[in-house]
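Chain by chain, the residues:
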Amino acid sequence: MRAHEAGALHGDLGNRGPNWLRVPEDVNALVPQLWPRTVTRTEEGALEIGGVSVLDLAAEHGTPAYLLDEADLRTRCRDFAAAFAGADVYYAGKSFLCKAVVKVIDEEGLFLDVCSGGELAVALAAGFPAERMGFHGNNKSVSELRRALDAGVGRIIVDSFQEIDRLTALARESGTRPAVLIRVTVGVEAHTHEFIATAHEDQKFGFSLAGGAAFEAAIRVLDEGVLDLRGLHSHIGSQIFDTSGFEVSARRVLELQAQIRDARGVELEELDLGGGFGIAYTTQDDPSAAADLAKRINKIVDAECAAENLRRPRLSIEPGRAIVGPAVMTLYEVGTVKDVDGLRTYVSVDGGMSDNIRTALYDASYSATLAGRASPAPPLLARVVGKHCESGDIVVKDEFLPADVQPGDLVAVPGTGAYCRSMASNYNHVPRPPVVAVRDGASRVIVRRETEEDLLALDVG
Ligand SMILES: Cc1ncc(COP(=O)(O)O)c(C=O)c1O
């Protein structure tokens, strides 16, 4: 009997698994909110995504591979666009960007937020209209700003006084009047991991509201008159489920907007409340539908505008994870299964922290299932780990897999569309996996697998 099997079967996880994790009645069952919408388990037992069996996808594209459910991605874009009708939905490209996804974002009528010259280059290469782009970043270089201006990027979200100076100089040089938003640090402690909370005071983004820098920045831009100040921006963090953070953020930003009006008689036209809407990585996560988010956020903005006697600015939001995250699952092949007696069963897969750093970086939780077959074996509490030379190379900290999981099995991990491929590395010189889009029974590679030749091509020494 494998380590944990007896305990797991009796629901006694001791201190080895989180106390919310329950022994599943059916270890082959899929919890719908965790999986891309077209994923099902066929009668033969293998998972299918976009109408294609993972057995065929593994045979054709190899593992590990990110499998993108294109229908799901489009549905999420449409849900956000419909829910936030009258507002602008900027897809946060940092969550995952490639030309095919940019085209989907364009076709679905969304806007696009980029935050580096590289992301700008991908968006432009895919033909995305620059005027529907926003450009973010706390340290944009002069050359990145120049490229954004040359391309005609719709708005630049300024993040420091130095950036205001750089952009002002570039605008004078080029005779343009770039539209800008000021990123405001509203002092909200978002209830999320420290590294993905972005509006508390002690971090690098934005202009402090409490310290007066945000007001000073707005007044400077207005008084100089070189940049076109369109509005204020706040992004409080990521993987947020509780809209009270947005409420505080909207209130504080709109109070600042009222102060600016009182000081200069200018009513700013736009308000961007950022992204950060949470998704389900495990059964513990209970994300809101886009329609509910929209209802709550619109209500908050209406109430705060009324309280400050402000004309309602045009709202924008910047969801990344909530659009692409749930549309992707990663398919791995199991290489080894190791029972560490009395402690834990480690299931090693052929990827790991190089294709998903979030577990190591943010202590993120994920789920997994046996993907290539259904199994009659009882549930076994396992830890899914990668192939890298780090003991922190964990993909899924705790998950029940069938007790007969073995080398050669396929394992799928859902919720890997956001901040996985985009944060992927070549640690241990492991080439990065491909992204394969699947739709209506057909698959196509949209980002090809990296090869060792690709890695060696950079090594010119
Ligand atoms: C300014 C800004 N907007 C939007 C996002 C997207 O966040 P999420 O993918 O959690 O929606 C981020 C994420 O870091 C961000 O920094």
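Residues numbered from 1 in each chain as written. Predicted model: local features only at pLDDT ≥ 70, side-chain atom pairs only at ≥ 80, totals over all residues. Heavy atoms only, no water.

Peer 1: How should the packing of aromatic side chains be read in this particular structure?
Peer 2: Each aromatic ring pair is characterised by the separation of its centres together with the angle its planes make. Throughout the structure, instances matching the rule amount to six aromatic pairs. Where Tyr90 meets Phe111, the ring centres are 4.9 Å apart and the plane angle is 45 degrees; that geometry is what we call tilted. Of the two residues, Tyr90 sits in strand E5 (residues 88–92) while Phe111 sits in strand E6 (residues 111–114), which places them 21 residues apart along the sequence. Grouping residues by exposure puts Tyr90 and Phe111 together as buried. When the ring of Tyr281 is compared with that of Tyr366, the centres are 5.0 Å apart and the planes differ by 70 degrees; the resulting orientation is edge-to-face. Note that Tyr281 is positioned in the loop between strand E12 (270–272) and helix H10 (290–308) and Tyr366 in the loop between helix H12 (358–362) and strand E16 (369–370), a separation of 85 residues in sequence. With a relative accessible area of 4%, Tyr281 lands in the buried category. Exposure remark for Tyr366: the relative accessible area of 2% places this residue in the buried category. An aromatic cluster of at least three residues, connected via ring pairs, comprises Phe80, Phe84, Phe246 and Phe277. When the ring centre of Phe135 is taken as reference, the NZ or CZ atom of Lys140 above it lies at 5.9 Å. Across the ring face of Tyr90, the terminal group of Arg155 is positioned such that the distance to the ring centre comes to 4.0 Å. (Phe/Tyr/Trp six-rings, centres within 6.5 Å; stacked < 30°, edge-to-face > 60°. Helix = DSSP H or I, 4+ residues; strand = E, 2+ residues; numbered from the N terminus. Buried < 20%, exposed > 50% of the residue type's maximum accessible area, 1.4 Å probe, protein only. Lys NZ or Arg CZ within 6 Å of the ring centre and 35° of its normal.)

Peer 1: Can you help me understand the site of the ligand in this one?
Peer 2: By nearness alone, 15 residues border the ligand, and Ser238, Gly276, Glu318, Arg321 and Tyr419 come closest of all. Separating an oxygen atom of the ligand from a backbone N or O atom of Gly276 is a distance of 2.8 Å. Within the backbone of Arg321, a nitrogen or oxygen atom sits 2.8 Å from an oxygen atom of the ligand. Residues belonging to the shell around the ligand are distributed by class as follows: three nonpolar, seven polar and five charged. (Near = heavy atom within 4 Å. Polar contact = N/O pair within 3.5 Å; in protein donor to acceptor, adjacent residues only side chain to side chain. Nonpolar A, V, L, I, M, F, W, Y, C, P; charged D, E, K, R; others polar.)

Peer 1: Honestly, helix H5 (residues 117–125) in this entry has me stumped. Any pointers?
Peer 2: In an α-helix, one full turn covers 3.6 residues, which means residues spaced three or four apart are oriented alike. Taken together, the buried positions of H5 are Gly117, Glu119, Leu120 and Ala123. With its buried residues spanning 160 degrees around the axis, H5 presents them on a single face. In the core, the buried residues of H5 are packed alongside helix H4 (99–107), E6, strand E7 (133–135) and helix H6 (142–151). Trailing H5 by a residue or two, Gly127 shows a phi angle of about 80 degrees, which is positive. (Arc of directions from axis to C-beta. Contact = heavy atoms within 4.5 Å.)

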